[in-house]
Amino acid sequence: MGYSFPEEALEHVLWFLSSDRDRNSVSLVCKSWYEIERWCRRRVFVGNCYAVTPEIVIRRFPEVRALEMKGKPHFADFNLVPEGWGAYVYPWISAMSVAYPWLEEIKLKRMVVTDESLELISKSFKNFRVLVLSSCEGFTTDGLASIAANCSNLRELDLRESEVEDLSGHWLSHFPDSYTSLVSLNMSCLGSEVSFSALERLVARCPNLRTLRLNRAVPLEKLPNLLRRAPQLVELGTGAYSAEIRSDIYSNLAEAFSFCKQLKGLSGFWDAVPAYLPAMNSVCSGLTSLNLSYATIQCPDLTKLVSQCHSLQRLWVLDYIEDSGLEALSASCKDLQELRVFPSDPFGAEPNVFLTEQGLVSVSEGCPKLQSVLYFCRQMTNAALITIAKNRPNMIRFRLCIIEPQVPDYLTLEPLDTGFGAIVKSCKELRRLSMSGLLTDRVFDYIGTHAKKLEMLSIAFAGDSDLGLHHVLSGCDSLRKLEIRDCPFGDKALLANAAKLETMRSLWMSSCSVSYGACKLLGQKMPRLNVEVIDERGPPDSRPESCPVEKLYVYRTVGGRRIDMPGYVWTMDEDSTIEFS
Amino acid sequence: MELELGLSLPNHNPIMMKGLLDLNCSSDNEMELKRNKFHKNNYKKQTFLGDHDDDDDDEHGNVEVESNKSLSLFLWSGQPNDEEDDSPREKWRKLHLNDREIDEENHEIVGWPPINSWRRELLHHHHQGGGWMVVNHRRGERLRNSMYVKVKMEGVAIGRKIDLRLYNSYHTLTNALIEMFAKYNGIGRKKVDYTILYQDKEGDWMLAGDVPWEAFIESVQRMEILRNEK
């Protein structure tokens, strides 16, 4: 079939398409569009590193400049995935070092990155610009030294929440004097002190520096030195925010802040001392993002600070903010879109702060743009949830964690089914939901019926039977990620909805009632799924078929079974035999 | 476990087939079959509408288009099975009674509440009551970063935590404490007699003010305020 639309024109048009969704649609039009598109795709996102192999990606997209990839399941953040599970990036780096010499960006989340990988990156990609390692592990500061020493075009080095073996702070001094292109540096997760003079000189010679997130070891007294050399900063993460109470330190700090007219985001604040908070006053009104979740300051200092930030769009804070602070927030910060309230004493038996469901209700009432919530508290009612749902039908992400598992509505002692039901019914654009408290199968019925845009669902200590899981799997049309722990869900719903799993990225079930037999059956019948049993008790074969597995991780893949599994992970596949006893 | 395996061929109709046995015929003979009413599973075209990958803040477009497929490994009525003695929840409870991973030291459930290791570490230090943290590896100094102790006032349900680094004498500490509790408990700031006690390293309750401030700071684990209203 001939068509008169020249390839070059199509390629030019495709150049403007950045969304993967659009590009994927384009590739389905016809073979020649597929070909044209694949040669000009520059950015690839792999949501699960085991869903595909490096070879397959490279074969299809030969000219990639940016890779973004995720590894371990989300519940790895909470220690539910044992050590050594996998998600090694090295095979990818190795393959790309040959195939993509012009690679510019690597962004990884929950992957194991070794110093070897970092060194290979630093030596293989001449135009390397962006390295983001989010919640990664496996490397040391030596690996960072290689990056610093060799990546002369580096723009971004962001180590957010990674676990780095901190051998010394000397890595920073490996940036050569000739290196001036730094735009963003996030070293907040590192423990060791870096050479302050090296840091100062680095900041001074990089005029494009926009984001600087320091680690705790950078003392507050020295912060002004950095701010004065980088008044153009847009995002700043302080080091420890405490010092001896001295007026010269205070005025120095306040003055340095006053020079930073572009500052939009602040974070850090370890060990924050209330006396030094007003030093930031000059920047408060311009702040759109404030992360105080490592600051143990309490009301009223906390409330006072937050109330001054009238432009705030995102606030992360500890529950020291209490209901009163949240009420003040709802009055002062009308642009608020995202609120995260973390627990200051999650393991304490009793509440230590006056934070209840009322705080969240206030914010839902007062902040019309509120769309993303993460809230840890100790009590909740259906009435509060219903009110929140009514106030904020524009909610997109709603994560509620009631600290004690399975607590009911504290006023009526009923399950929180109706409350969460109201949320999914009212918030039609809801994409992410995490639930807690006492929940029966009924809430899953509501979810399956109403949560049609829901993409990610996290469930813990909830439900009564397989019916609950069945409602979710059969009803949630947009579901991509489902993670479940400690729920009485077994084989029936899983097997009845096997095909659904191929339409999702992944399913995690731990401490549920899924039997080994069912896992084998699933793995046998669904060749395009990897069905992985994680069991630290030893081979599942050594127990009866009906015995539930500890943990189950199921994900779709075109890459075949994993070959890098540790001893406690078993893949259920066509080779598994089902024995009937 | 009684299963009826149903594998339908990919077609455009939802499953409406009764007792369609699958390719796995041999094993079916060995299994106990139970005729259940089946549940209609209708998988529409699956598209990922999200331009967002919502793990945390990331937003990323990721779309797959799946063809219509009806595939169920288990035709199930969707009704809870009446014939079983234990409800699934009971069964699950019994199964996991001993399995539940409890962190021996802390009597906590593993991974609950869901906060990541960074926050856990921060809170761990914070709650040590006089916690010290090594900050400077090279110089090997132990720098005091926080000195939080719990303070309870008699008759007040919720205790507070204060950072003792902020004070340099009993006088400043006492004023701060009274201010703090007055604010939250609507107690008038009249000159009510307060007795401040603290628990020392040995676990004994002592009267604050008896020992020099430095010794107090070294030893205090937690505090309690008694009101002596005359």
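- With an unreviewed UniProt entry as reference, chain B is termed Auxin-responsive protein, source organism Penstemon smallii.
- According to the UniProt record, the Subcellular location (unreviewed entry) comment for chain B reads "Nucleus".
- The annotation that UniProt attaches to chain B under Function (unreviewed entry) is "Aux/IAA proteins are short-lived transcriptional factors that function as repressors of early auxin response genes at low auxin concentrations."

- As recorded in an unreviewed UniProt entry, chain A goes by Transport inhibitor response 1 and comes from Penstemon smallii.
- A UniProt comment under Subcellular location (unreviewed entry) is attached to chain A, and it reads "Nucleus".
- The record held by UniProt for chain A lists under Pathway (unreviewed entry) the comment "Protein modification; protein ubiquitination."

What to know about the overall build of chain A
For step 1, the next point in the chain: Within chain A one finds 21 helices and 23 strands.
For step 2, the next point in the chain: Its C-alpha atoms give chain A a radius of gyration of 26 Å, within 12% of the compact-globule value 25 Å for 581 residues.
For step 3, the next point in the chain: Across its three principal axes, chain A shows a C-alpha extent of roughly 80 × 65 × 55 Å.
For step 4, the next point in the chain: Across the 581 residues of chain A, 65% fall into the buried class.
For step 5, the next point in the chain: Taking the average location of the 63 positive side-chain charges in chain A and that of its 71 negative ones, the two points are 6 Å from each other.

Here's the deal with the overall build of chain B
For step 1, the next point in the chain: Within chain B, the regular secondary structure consists of 5 helices and 11 strands.
For step 2, the next point in the chain: Taken across its 230 residues, chain B has 43% of its residues classed as buried.
For step 3, the next point in the chain: At a minimum sequence separation of 6, the contacts of chain B that also span at least 24 residues come to 48%.
For step 4, the next point in the chain: A total accessible area of about 13600 Å² is found for chain B, and carbon and sulfur atoms account for 49% of it.

Let's talk about the pairing of strand β11 (residues 222-228) of chain B
For a regular strand, side-chain orientation follows a simple rule: the groups alternate between the two sheet faces.
Residue and element names in this part refer to chain B.
For step 1, the next point in the chain: Bridge count for strand β7 (residues 148-153) against β11 is 4 bridges, and the pairing is parallel. Residue pairing across strands places Met153 opposite Ile225, the latter belonging to β11.
For step 2, the next point in the chain: Relative to β11, strand β9 (residues 193-199) is paired through 7 bridges, and the arrangement is antiparallel. Bridge pairing links Asp193 to Asn228 in β11.

Remarks on the pairing of strand β13 (residues 314-318) of chain A
For step 1, the next point in the chain: For β13(A), the buried fraction is high: 4 of the 5 residues fall into the buried class.
For step 2, the next point in the chain: Between the parallel pair β13(A) and strand β14 (residues 338-342) of chain A, the chain is carried across by helix α13 (residues 322-332) of chain A, and the sense of this crossover is right-handed.

A look at the sheet that holds β7(B)
Residues and elements named next belong to chain B.
For step 1, the next point in the chain: Read from one edge to the other, the open sheet built from 5 strands follows the order β8-β7-β11-β9-β10, with strand pairing classed as mixed. Both edges of this open sheet fall to β8 (160-163) and β10 (205-207), since each of them pairs with a single strand only. Strand-to-strand, the axes of this sheet are offset by a mean angle of 30°, without reference to chain direction.

Examining the environment of Thr288(A)
Residues and elements named next belong to chain A.
For step 1, the next point in the chain: Topologically, Thr288 is positioned in the loop between α11 (281-284) and β12 (289-291).
For step 2, the next point in the chain: Taking the relative accessible area as the measure of exposure, Thr288 reaches 19% and is therefore buried.
For step 3, the next point in the chain: For the pair Thr288 and Lys369, spaced 81 residues apart in the sequence, the C-alpha separation amounts to 13 Å.
For step 4, the next point in the chain: With near-sequence residues (within four places) excluded, Thr288 lies in contact with Lys264, Ser311, Leu312, Gln313 and Arg314.

Things to note about the pattern of salt bridges
All names here are of chain A.
For step 1, the next point in the chain: Throughout the structure, instances matching the rule amount to 31 salt bridges over all chains.
For step 2, the next point in the chain: Across the salt bridge formed by Glu119 and Lys123, the nearest N and O atoms sit 3.1 Å from each other. Of the two residues, Glu119 and Lys123 are both situated in helix α6 (residues 115-124); the distance of 4 residues between them amounts to about one turn of the helix.
For step 3, the next point in the chain: The network of salt bridges with shared partners includes Asp20, Arg23, Glu37 and Arg41.

Things to note about the packing of helix α5 (residues 90-99) of chain A against α6(A)
Residues and elements named next belong to chain A.
For step 1, the next point in the chain: Direction vectors running N to C along α5 and α6 enclose 20°, while the axes themselves pass 9 Å from each other. By the angle class used here, α5 and α6 are roughly parallel. As α5 packs across α6, the resulting crossing turns out to be left-handed. Of α6, the residues touching α5 (which contributes Tyr90, Ile93, Ser94 and Ser97) are Glu116, Ser117, Leu120, Ile121 and Ser124.
For step 2, the next point in the chain: Looking at side-chain class alone, the contact of α5 with α6 contains 4 nonpolar, 4 polar and 1 charged residues.

What about helix α3 (residues 31-40) of chain A?
Three or four residues apart is the spacing at which side chains of an α-helix point the same way, because the helix has 3.6 residues per turn.
For step 1, the next point in the chain: Listed in full, the buried residues belonging to α3(A) are Ile36(A), Glu37(A), Arg38(A) and Cys40(A).
For step 2, the next point in the chain: Lining the buried residues of α3(A) we find α1 (7-14), α2 (20-27) and α4 (54-60) of chain A.

Some details on the UniProt feature "domain: Transport inhibitor response" (unreviewed entry) in chain A
For step 1, the next point in the chain: Within this numbering scheme, the UniProt entry marks residues 62-108 of chain A as carrying the feature "domain: Transport inhibitor response" (unreviewed entry).
For step 2, the next point in the chain: Across residues 62-108 of chain A, helical content stands at 21% and strand content at 19%; the span's end C-alpha atoms are separated by 20 Å.

Observations concerning the environment of Tyr276(A)
All names here are of chain A.
For step 1, the next point in the chain: In this fold, Tyr276 is placed in the loop between β11 (265-267) and α11.
For step 2, the next point in the chain: Residue Tyr276 is classed as buried on the basis of its relative accessible area of 1%.
For step 3, the next point in the chain: Apart from residues no more than four positions distant in its own chain, Tyr276 is found in contact with Leu220, Tyr241, Ala243, Glu244, Ile245, Arg246, Ile249, Tyr250 and Leu253.
For step 4, the next point in the chain: At a separation of 2.5 Å, a polar atom in the side chain of Tyr276 contacts the main-chain carbonyl oxygen of Glu244.

Examining the nonpolar core
For step 1, the next point in the chain: Within the largest apolar cluster, 201 residues are counted, with the highest numbers of intra-cluster contacts made by Trp171(A), Tyr241(A), Phe257(A), Phe398(A), Ile447(A) and Leu482(A).
For step 2, the next point in the chain: Ignoring sequence-local partners within four residues, the contact set of Leu482(A) consists of Leu457(A), Ile459(A), Leu469(A), Val472(A), Leu473(A), Met504(A), Ser506(A), Leu507(A) and Trp508(A).

So, unusual backbone geometry
For step 1, the next point in the chain: Across the junction of Cys299(A) and Pro300(A), the peptide omega takes the value 0°, indicating a cis bond.
For step 2, the next point in the chain: Tracing the chain through its elements places Pro300(A) in the loop between β12 and α12 (301-307).
For step 3, the next point in the chain: A cis amide bond links Trp112(B) to the next residue, Pro113(B), at an omega of -10°.
For step 4, the next point in the chain: If you trace the backbone, Pro113(B) turns up in the loop between β4 (108-109) and α3 (117-126).
For step 5, the next point in the chain: For Phe269(A), which is not glycine, the phi dihedral falls at a positive 60°.
For step 6, the next point in the chain: Inspection of the secondary structure assignment puts Phe269(A) in the loop between β11 and α11.
For step 7, the next point in the chain: Among the residues examined, Phe269(A) registers a relative accessible area of 0% and is labelled buried.
For step 8, the next point in the chain: The backbone of Asp486(A) sits at a positive phi, close to 55°, despite the residue not being glycine.

What to know about the packing of helix α14 (residues 357-366) of chain A against helix α15 (residues 382-391) of chain A
Residues and elements named next belong to chain A.
For step 1, the next point in the chain: Close contact between α14 and α15 brings their axes to 9 Å; oriented N to C, the two are set at 15°. One finds that α14 runs roughly parallel with respect to α15. With respect to the hand of their crossing, α14 and α15 are arranged in left-handed fashion. For the pair α14 and α15, contact is made by Glu357, Leu360, Val361, Ser364 and Glu365 and by Ala384, Thr387, Ile388 and Asn391, respectively.
For step 2, the next point in the chain: For the contact of α14 with α15, the residue count by class is 4 nonpolar, 3 polar and 2 charged.

Conventions we followed
Residues numbered from 1 in each chain as written. Chains lettered and ligands numbered in written order. Predicted model: local features only at pLDDT ≥ 70, side-chain atom pairs only at ≥ 80, totals over all residues. Heavy atoms only, no water. UniProt positions renumbered as here; feature names shortened; annotations may be inferred. Helix = DSSP H or I, 4+ residues; strand = E, 2+ residues; numbered from the N terminus. Rg over C-alpha atoms; globule rule 2.2 N^0.38 Å. Buried < 20%, exposed > 50% of the residue type's maximum accessible area, 1.4 Å probe, protein only. Lys, Arg positive; Asp, Glu negative; His and termini not counted. Charge placed at Lys NZ, Arg CZ, Asp CG, Glu CD. Contact = heavy atoms within 4.5 Å. Areas by Shrake-Rupley, 256 points an atom, 1.4 Å probe, with all protein chains shown as cover. Pairing = 2+ DSSP bridges. Right-handed = clockwise from strand over helix to strand, strands pointing away. Axes fitted to C-alpha atoms, helices over the stretch in contact; angles between N-to-C directions. Salt bridge = Lys/Arg side-chain N within 4 Å of Asp/Glu carboxyl O. Parallel < 35°, antiparallel > 145°, perpendicular 65-115°, else oblique. Left-handed = near helix turned anticlockwise from the far one by under 90°. Nonpolar A, V, L, I, M, F, W, Y, C, P; charged D, E, K, R; others polar. Polar contact = N/O pair within 3.5 Å; in protein donor to acceptor, adjacent residues only side chain to side chain. Core = buried A, V, L, I, M, F, W, Y, C linked by side-chain atoms within 4.5 Å.

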